[in-house]
Every structure is written in C-alpha cells, then in structure tokens.
Amino acid sequence: MEKLNAGLYLHVPFCLRKCPYCDFYSIPVKVTKSLEKNYLNALKIELTLLKSFLEENFGIKRISFITFYAGGGTPSLLSPHFYENLFDFLAKFFKFSPEELTLEANPETLTLEKTKAFYKTGFNRISLGVQSFSQRGLKFLGRLHSVKDNLKALDYILKAGFKNFSLDFIFGWKGQGEKTLEKEILKASEFKSPHFSFYELTLEKGTPFYQTFKEKKHWIGDKKLIKFYYLIEKTLEAHGYKRYEISNYALPKFKCRHNLIYWKIKPYLGLGPSAVSRVENLRWENPKNLNHYLNALLKENRLPLKIVESLDNYELAKEYIFMGLRLKEGISLNLLKEKFNYTIPEVKADILIKKNLIEKRKGRIRLTFEGKLLHNQIVSFLWKSLCN
Ligand code: SF4
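Residues numbered from 1 in each chain as written. Predicted model: local features only at pLDDT ≥ 70, side-chain atom pairs only at ≥ 80, totals over all residues. Heavy atoms only, no water.

Before going further, it helps to examine the nonpolar core. Grouped together as the largest cluster of nonpolar side chains are 79 residues, with contacts concentrated most on Leu-10, Leu-54, Phe-68, Tyr-83 and Leu-128. At ten residues, helix 1 (residues 33-58) tops the list of elements feeding residues into this core. Filtering out sequence-adjacent residues up to four positions away, Leu-128 remains in contact with Ala-105, Asn-106, Pro-107, Leu-110, Asn-150, Ala-153, Leu-154, Ile-157, Ser-166, Leu-167 and Asp-168. Core analysis: the second largest hydrophobic core is formed by 22 residues, Ile-246, Ala-349, Leu-367 and Ile-378 among them. (Core = buried A, V, L, I, M, F, W, Y, C linked by side-chain atoms within 4.5 Å. Buried < 20%, exposed > 50% of the residue type's maximum accessible area, 1.4 Å probe, protein only. Helix = DSSP H or I, 4+ residues; strand = E, 2+ residues; numbered from the N terminus. Contact = heavy atoms within 4.5 Å.)

Right under this line is the structure:
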C-alpha cells in the first residue's frame, strides 16, 4: 500500500480531577506551559517515527488524515495555541485537510474567547461532555461542572460559530428516574444539537464507583434501564434524530465521521499514551503511562508501542461482528464470507431471530431494539457459531 487514508486520534491524558466512574487513562494535573510544550514535542517525535514505521512495515509513502479527533482525558484543557502548532506540523509532513476535526470539551474549561480560538485553529466539531442536565446527576457523577456551566458552554459553542456539535450524556445514575431523564433530553434538544451520545453508567474495575457499588451489580435494575433506552430512542427519534449506533444519535448528515472509521474498521492512527492504532491487520497500543510514553519519545527516540497484534482471519471476523453490530446497518454476511472466509450457520441465526434479538434482511444481520440491549451476549454467541 503506497497511500494511507486514515483517521487521526489524539489522546490528551490530563484532567482537572478524576471522576469516580472513569477508567479512561488520564491523570489529575495542572496543565502548565512546560507540560504542554513537552507533550507537543513528544507528539511531533511520535508522528515522525510513525511515518518511518508505516513505510517500513507497510510500504506506505503518503499519509492523508481524513478526520482528526482529540479525546481524553480533557482535550479542552490544552490551549488553542497547542493545537495550532500541532496542526501546522501535521500540514507540513502529511496531507492534513480533514473534513471533520473534533474536540472533546468539558463545560468548566471553556470560555467564549477560548471556544472562538479553538474554532479558529480549525476545529469544526465539539463533543461537549455535559453528562447530565440535572444538578443531582452531576453531583452523583462527581463532576466539577454545574448545569449552569453546561448552558454557558453551549452558548459559547453557538457564539463561536460551531454548526456541528454533540452533547454527551451519562444515564443510569443512582436516583435518576424516567421523568428526570425525559426532562434532561428535552432541555438538551432545545439547543438543536445535531448529535447526541448517551452512555449507560457502568461499573468499571479499578474505579472508586466499582469499589463502592460492586456488591450490587447495577443499582438501577435492568427493567428500568430498558425503559431508559426506550425513552431516549423514542424522544430523540421524535425530534428527527436517528440512532445510527448503539449509543449515538444524529440528525441527517451529522454522524461522527471519525467514530465511523472505528466501527467500520477502517485505518486509524492514535497518538499519546493509551492510544490505539490500526492499519491493515496490525493493531498496536501505546502504554497507559505518561512517563513511559514521554521517556520513550523524548529520551530514547523510539516509539512507545506496548502491544502489537497481528490479527488473523478469525480475529478479523470477530472484530467485524463486534463493531458492525453496533451500527444500525449491521453486518453483511457476504462480506463476512468473502473477506474473512467465515459464515454464521442459519440454524444459529434463527435462534436469535426467534427471540427477536436480530433481524435478517437482504443478506445482512442487524440488532433489534431488544438485541441492542444484549449486544455483548449476542456477539459472543455469534463468535462461537462461526464456521469456515
Ligand atoms: S473528565 Fe472525563 S476523562 Fe477526565 S476523569 Fe472525568 S470522565 Fe474521565
């Protein structure tokens, strides 16, 4: 492969404080100018080394980034100047004219001036972590911002000129009822956000929430959760949004293009600690440790790759099923056969069809509403059923 078209992900591993449910890699830290500078230098070295790595391993001579996504952590803690500098570097050494540049932002870190400056650097999409429009919800989730901060941040985003943005929520916190959730959704839809993400609060190992709540597997109960999923889907679809992925809803033309690269298993490169990259059948991951990451690049001038996996056809087929079933369009049985040489026997698919968990149409399988609630279980059933 001479030319690579890929999505570029930047992990920003800094937060003001660690939220009690979060298992993303990030450290609570005050971002100083010198930390920003060090991080930027490391990223530039990583990009330069990655270029040689891709040429040596895949024969890639030209790299074009078609999307850019700064996630975290809290990417909005870094200054617009940091991104300006990074984008200049990218434009100098790569083809860098992404159609979508997303910045994940936390409401308490934005000011009008900063939001305008982010827009000026080239970001054309903001993914705003409002998490909840209930003060009780924000308190339970241990967030630093208030509902007022959510409203202010939304005002800045609109005033800065962003036409494309997403409001990201967590639902299923203790004490949240259907009425509260409905109010939150209706409040949020007043801002005509073109995109919403709704993530169920889950207990992740190693987090303070896991420690506190591990006895009860979940504190809100499956019945209530099903009602919540139904309420979110029903309310947003009534406002013109389509549930194009298990947790994501968009108005027409506003799906997140960068995330679609992951779900459709197209190539992407990840920068920063804990970031994952995927090119052809090779997947690698950076260490979840900022010091190890910085030392490898700044002191030893080497890529900090931690895990490098070469995926065989079985692994690729499994990945296709896992990712594809997150999407509304589901998976193509032809593609599964032609690309990976695997099939799902009809008798196995019929078991799921009879239980109303999947539907099969025009050679594709996709999850029903009930199936989406059991994505992981269905995926592992199909993995075990694979034949070649
Ligand atoms: S701000 Fe986001 S990334 Fe940081 S600890 Fe909280 S949930 Fe995790």
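Taking 1.5 Å per residue as the helical rise, helix 8 (residues 222-238) with its 17 residues ought to reach 24 Å, and the 24 Å between its terminal C-alpha atoms agrees with that figure. For helix 8, the complete set of buried residues consists of Leu-225, Phe-228, Tyr-229, Leu-231, Ile-232, Glu-233, Thr-235 and Leu-236. On the buried face of helix 8, the contacting elements are strand 7 (164-171), helix 6 (178-189), strand 8 (195-200), strand 9 (242-245), strand 10 (248-250) and helix 14 (369-373). Looking one or two residues past helix 8, Gly-240 carries a phi angle of roughly 95 degrees, positive in sign. (Expected span 1.5 Å × (residues − 1).)

Here strand 16 (residues 358-361) pairs with strand 17 (residues 364-367) via four bridges, running antiparallel. Within the sheet, the bridge partner assigned to Ile-358 lies in strand 17 and is Leu-367. Counting the residues in the hairpin turn of strand 16 and strand 17 gives two residues, including Lys-362, whose phi is positive at 45 degrees. (Pairing = 2+ DSSP bridges.)

Attention now moves to the pattern of salt bridges. For the coordinates displayed, the defined rule picks out 13 salt bridges. Residues Lys-61 and Glu-2 are paired through a salt bridge, measuring 3.9 Å at the closest nitrogen-oxygen approach. Here the residue Lys-61 occupies a position in the loop between helix 1 and strand 4 (62-72), and Glu-2 occupies one in the segment before strand 1 (3-12), the gap between them amounting to 59 residues. The class of Glu-2 is partly exposed, set by a relative accessible area of 47%. With its nearest N and O atoms 3.2 Å apart, the salt bridge here joins Arg-283 to Glu-319. Of this pair, Arg-283 sits in strand 13 (residues 282-285) while Glu-319 sits in helix 11 (residues 313-324), placing them 36 residues apart in sequence. Exposure remark for Arg-283: the relative accessible area of 23% places this residue in the partly exposed category. On the basis of relative accessibility, which here comes to 12%, the residue Glu-319 falls in the buried class. Shared partners join several salt bridges into a network, and the residues in it are Arg-278, Arg-283, Glu-309 and Glu-319. (Salt bridge = Lys/Arg side-chain N within 4 Å of Asp/Glu carboxyl O.)

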